[in-house]
Amino acid sequence: MNYSRSSSKGQILVIFVVTLMVLLLFVGLALDAGSVYVTYGSLKRAVDSAALAAINEFKRDPDLPSMTAAAEEVFNLMNVDFANIEVLLCDADKDNIRDTGLPPIFYARCPNTPTEAPRKLVWVEAQQKAPLYFLSLMGFESINLHTNSISEAAPLDVVIVLDTSESMASGTPGYSANAAFNPSGCNGSNTCQPMVDAKEAAKALIDTLADGYDQVSVVTYDKTARVEFLLGTDLLSAKIAIDLINVHDDVPVVFNVWSKWWAHPGVYNPVNSEDLDGDGEDQDDFPAMYGMDCPFHPSNPALDPEHLSDRWWDVADGGPDPYGWGGVPCDRDDRFDSMDWDWNGYDGKWTQEDHDTAALWAGGDPDYKFTGLSTCIGCGVRVGANQLRNGGRFGSVWVMVFLSDGAANLSDTHDTNIDIPAAMVNGFCGGTMGQPFWTTSCFDDNFTPRFCIDSNSNTCPPLSTHTTVSPPYSVLDYARDMVDEAALTRSANPNEPRGNELAIYTIRLGSMSVGSAEPFLRYMAAVGDDGDRTTDPCASVAANTSCGQYYNAPTSDRLLPIFEDIASRIYTRLTQ
Amino acid sequence: MYRLLRRIIRIKKPSRGQSFVELALVLPVLLLLLLGLVEVAFFISRYLDVLDLSREAARFASVRDPFSTGDLDCSTTDNLNFFYDTSCMMSPSSGSATCPNLQYCNGFNHYLSMNLNTDDVVISVFTISGNVISDQLPQPNNYWALSNVDFASNSDLNFTAGPLPDNFKKNCEGNIVRAGPHFTAAQVQSLLLTDAPLNKGYVAVEVYYCHEQVLGIPIVTDLIPNPIQIRAFTIMPLPAAQPTPTQIP
């Protein structure tokens, strides 16, 4: 009986002790499990961060030691032991063949180069000991945790668009803004400044791209735009293509055009000085313009009236005066005679020699467009963006770097952009005699209002004015439309067509005083940073100052640091 | 047989009462252990939440522009405010009843209820050139704290000097326990490695969260402060904060 009683008492105690032990065991195991989870969580975030640090180094030539060091530093910053960290690349030995011996998961993710296009992948694996508290009583001090992360940097597709108008030789000895200049000398010796500085800066930008991964294209523009190097991965050839870029030799219209023409704004067509009625032909319909025909001899220039030798029909000689100029310009339909070429003796009179010299420029084209204008910014934007649209890879980061030393004064025509009506032979430098934009250039100095020439006014940008004619639609409006077509992704108008995700960096070289030059490049950068024209980091920044993705380079020696800055800012987009 | 049975019953009677007493003594201990374990599990779970959210926030920031100064609203994704929108990762999901403020909503946080009077998110950006910290954002305080956003006046006091709420400097009782964030220039500088890339940017996100014990077990709350502060941080590379090669005019 006594035994039974005492046994019963002890039983509760035994049960309690046993239960307590079991409970403590579970509590201990649970705490250790919690500790392991916490260690794993912090290791995982450190590995993710290290993978980002490593992939950022991909911007330069992939270099395993620097990537590993970058990853180790992140581990150190996060107070995680970095002794056991492993960084791997798909092709670390750079033989263009996928490395063997990679972890199977990573090997499977790596493209089978050279058959497949390379991808910027980095594998980071790390291990860490998670301390055990309860289990250490049983001799298990710690448990090894390891985790990995694959990060990928998107490849870059970069288009470099350079201005090659004659002013890109403005720093060359012998250049004068007030005289004709032939850049063939400095082109031959590759000494045209600031062109050379721009070329070196562009090549330095290409040097920062990853060979074999990134694509580059080179586009130049003056009167029209040309692709100098098709979007491709051969960076060396791209640099050679840049070396071969020449400054465009502008027809010296403004220097050679008849002085009486020059004296009156709007007296001749700046897009083609031979074409006075703006129909694209040398043949002009003077009766429609002046009410009477210029009294030239029908076929023989030698029999022309003497007073027309300076191609000005003065009121004193019986000429009309519909514009208040005291006369009107007249030129023959069968000769190139809008200019007096001074190297044939600037004599103020037209001679057959003038025609012959002009004919050399025209190269046999009777409707050659004699224009001194050579900044078709819209052309450069359009051709550059098309390079990306046609050759840009899905999943890569699209970047355009755009350099200009002036304001837009030409646009595409129907020949280069099929969307422009064939009737607009002068592109959007349209006009009639004595009217804008037939001043000495077709600059549009009025950044606002913006005009829109879309076939349907529903698709016009907000705050723009719809029109069907040019002017008022100008080459500046055209250039802005090309920017929108390339990179606009957000607009308050749901019907406005959208462009592509494209980062645009713009550089204004020199201190060209045309009012719309800087506002336009700032607009381009504002659209090119986030696809939204209304978010402008330059909105409250003083003129002639770099801001956002717009750079102001008063002198060409600023170009190299600017291109380096752009290279460092072309974010490597992290996709994982 | 009947005697035996009676004997047993007689014996068992006092024994049963004794067991109840013993059980009554033992059960609180067992319950304390079990519930304590549940409480610890909640704590670890919350800690992992905070840790993961700090990682999420740093990851968000790592691909963005630290100079973006948009509005103080988590829901306007197209108007990026680098610091504020990064801290939004810690806000409750859109439409949640636990949103402390309509402007502080739309985040990833389903489980934690950020108390804007005690909790904090601290973000600092470091620009390192030549392995030396050359710049810090935001100025003038070198850190950005969620508690310094004045929702009442819709203004961000982080860009002003002067006395600021700076919740992160305090413990959950409101006593000042630290002078600055975990990642200061001196701290980061001391952890840089000499063979790592010389020029880089980092963004550090620190979360300070006062965790209220879920069960509030009497003895446990006496032993462990309630609420208890959870701190977690993540630092990630920020290419946009890399130094520029030269000063651009």
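Bear in mind the structure is a predicted one, so any value in this text is a computation, not a measurement.

J.: Got a minute to help me understand the overall build of chain B in this structure?
T.: Each helix and strand in chain B was counted, giving 4 helices and 7 strands. A compact globule built from 249 residues would reach a C-alpha radius of gyration of about 18 Å, whereas chain B, at 26 Å, exceeds it by more than 25%. Projected onto its principal axes, the C-alpha coordinates of chain B cover approximately 110 × 45 × 30 Å. Per-residue burial for chain B yields a buried fraction of 49% across its 249 residues. Of all intrachain contacts in chain B linking residues separated by at least 6 positions in sequence, the fraction that spans at least 24 positions is 60%. As displayed, chain B offers around 12,000 Å² of accessible surface, 60% of which is attributable to carbon and sulfur atoms. Across chain B, the centroid of the 16 positively charged side chains sits 28 Å from that of the 21 negatively charged ones.

J.: How should I be thinking about the interface of chain B and chain A in this particular structure?
T.: Reports of interface size often rely on the accessible area that becomes lost once the parts have come together. Taken together, the contact between chain B and chain A spans 48 residues of the former and 50 residues of the latter. Where chain B packs against chain A, one counts 2 salt bridges. Residues Glu73(A) and Lys200(B) are paired through a salt bridge, measuring 2.7 Å at the closest nitrogen-oxygen approach. Across the contact surface, chain B and chain A share 8 residue pairs in polar contact (both at pLDDT 80 or more). When contributions to the side of chain B that touches chain A are tallied by element, the ones reaching two or more residues are α1 (2-62), α3 (185-191), β6 (200-211) and β7 (228-237) of chain B. For the side of chain B that touches chain A, the leading source of residues is α1(B), giving 19 residues. Tallied by class, residues from the side of chain B that touches chain A come to 30 nonpolar, 10 polar and 8 charged.

J.: Looking at this structure, how should I read the sheet that holds strand β1 (residues 85-89) of chain A?
T.: Where strands meet in a sheet, backbone hydrogen bonds hold them as pairs that are either parallel or antiparallel. All names here are of chain A. Reading across from one edge, β1-β2-β3 is the order of the 3 strands in this open sheet, with antiparallel pairing throughout. The sheet terminates laterally at β1 and β3 (142-153), the two strands that pair on one side only. For this sheet, the mean angle separating the axes of adjacent strands, direction not counted, is 15 degrees. Here strand β2 (residues 120-131) runs beside β3; their pairing, made up of 12 bridges, is antiparallel. Among the inter-strand pairings, Val 124 is bridged to a residue of β3, identified as Ser 149. Sitting on the sheet, helix α2 (residues 64-77) touches β1 and β2, and the angle it makes with β1 is about 145 degrees.

J.: Got a minute to help me understand the pattern of salt bridges in this structure?
T.: If charged atoms from side chains of opposite charge come close, those side chains can pair. All names here are of chain A. Under the counting rule described, the total for this entry stands at 28 salt bridges over all chains. Between Arg 226 and Asp 222 there is a salt bridge whose closest N-O contact spans 2.7 Å. For Asp 484, the salt bridge identified is with Arg 450, shortest N-O distance 2.7 Å. Within this pair, whereas Asp 484 is found in helix α12 (residues 475-487), its partner Arg 450 is found in the loop between β9 (397-404) and β10 (451-452), the two being separated by 34 residues in sequence. Classification of Asp 484 by relative accessible area gives buried; the value is 5%. By relative accessible area, Arg 450 is classed as buried at 8%. When salt bridges that share partners are traced, they join Arg 450, Asp 481, Asp 484, Glu 496 and Arg 533 into one network.

J.: Looking at this structure, how should I read the packing of α12(A) against helix α13 (residues 517-530) of chain A?
T.: A pair of packed helices can be characterised by two numbers: the angle between their axes and the separation between those axes. Residue and element names in this part refer to chain A. Close contact between α12 and α13 brings their axes to 10 Å; oriented N to C, the two are set at 15 degrees. Comparing the axis directions of α12 and α13 gives the class roughly parallel. For the pair α12 and α13, the crossing hand works out as right-handed. Touching Leu 476, Ala 479, Arg 480, Val 483, Asp 484 and Ala 487 of α12 are Phe 520, Tyr 523, Met 524 and Val 527, all from α13. Broken down by class, the residue content of the contact of α12 with α13 amounts to 8 nonpolar, no polar and 2 charged.

J.: What am I meant to see in the state of the cysteines here?
T.: By definition, a disulfide is the covalent link that joins the sulfur atoms of two cysteine residues. Tallying each qualifying case throughout the model produces 10 disulfides over all chains. What pairs with Cys186(A) in a disulfide is Cys192(A), and their sulfur atoms sit 1.8 Å apart. Linking Cys186(A) and Cys192(A), the disulfide has an S-S dihedral of approximately 85 degrees and is accordingly described as right-handed. Residues Cys186(A) and Cys192(A) agree in their burial class; the two are buried. Put simply, Cys99(B) and Cys105(B) are joined by a disulfide, and their sulfur atoms are 1.7 Å apart. On the sign convention where negative means left-handed, the S-S torsion of about 55 degrees between Cys99(B) and Cys105(B) marks this disulfide as right-handed. Here Cys99(B) and Cys105(B) have matching classes, each one buried.

J.: What's the story with the side chain of Glu274(A) in this structure? I'm lost.
T.: Residues and elements named next belong to chain A. Within the element layout of this structure, Glu 274 appears in the loop between α8 (259-262) and α9 (286-290). Although Glu 274 lies buried, it forms no salt bridge, and the closest oppositely charged side chain, Arg 311, sits 7.6 Å away as judged by the N-O distance. Of note is the side chain of Glu 274, whose polar atom sits 2.9 Å from the backbone nitrogen of Asp 337. Setting aside chain neighbours within four positions, we find Glu 274 in contact with Glu 281, Asp 282, Asp 284, Asp 331, Arg 335, Phe 336, Asp 337, Ser 338 and Phe 370.

J.: Could you clarify how one ought to interpret the sheet that holds strand β5 (residues 215-221) of chain A in this entry?
T.: All names here are of chain A. The 6 strands are arranged β6-β5-β4-β9-β12-β13 in an open sheet whose pairing can be described as mixed. Where the open sheet ends on each side, the last strands, each with one partner, are β6 (225-232) and β13 (550-553). Here the average twist between neighbouring strands, direction ignored, is 10 degrees. Pairing of strand β4 (residues 156-163) with β9 involves 6 bridges; the strand directions are parallel. Looking at β9, one finds that Val 158 is bridged to Val 399. Relative to β4, helix α5 (residues 195-207) is tilted by about 180 degrees, and along the sheet it contacts β4, β5 and β9.

Definitions and cut-offs
- Residues numbered from 1 in each chain as written.
- Chains lettered and ligands numbered in written order.
- Predicted model: local features only at pLDDT ≥ 70, side-chain atom pairs only at ≥ 80, totals over all residues.
- Heavy atoms only, no water.
- Helix = DSSP H or I, 4+ residues; strand = E, 2+ residues; numbered from the N terminus.
- Rg over C-alpha atoms; globule rule 2.2 N^0.38 Å.
- Buried < 20%, exposed > 50% of the residue type's maximum accessible area, 1.4 Å probe, protein only.
- Contact = heavy atoms within 4.5 Å.
- Areas by Shrake-Rupley, 256 points an atom, 1.4 Å probe, with all protein chains shown as cover.
- Lys, Arg positive; Asp, Glu negative; His and termini not counted.
- Charge placed at Lys NZ, Arg CZ, Asp CG, Glu CD.
- Salt bridge = Lys/Arg side-chain N within 4 Å of Asp/Glu carboxyl O.
- Polar contact = N/O pair within 3.5 Å; in protein donor to acceptor, adjacent residues only side chain to side chain.
- Nonpolar A, V, L, I, M, F, W, Y, C, P; charged D, E, K, R; others polar.
- Pairing = 2+ DSSP bridges.
- Axes fitted to C-alpha atoms, helices over the stretch in contact; angles between N-to-C directions.
- Parallel < 35°, antiparallel > 145°, perpendicular 65-115°, else oblique.
- Left-handed = near helix turned anticlockwise from the far one by under 90°.
- Disulfide = S-S within 2.5 Å.

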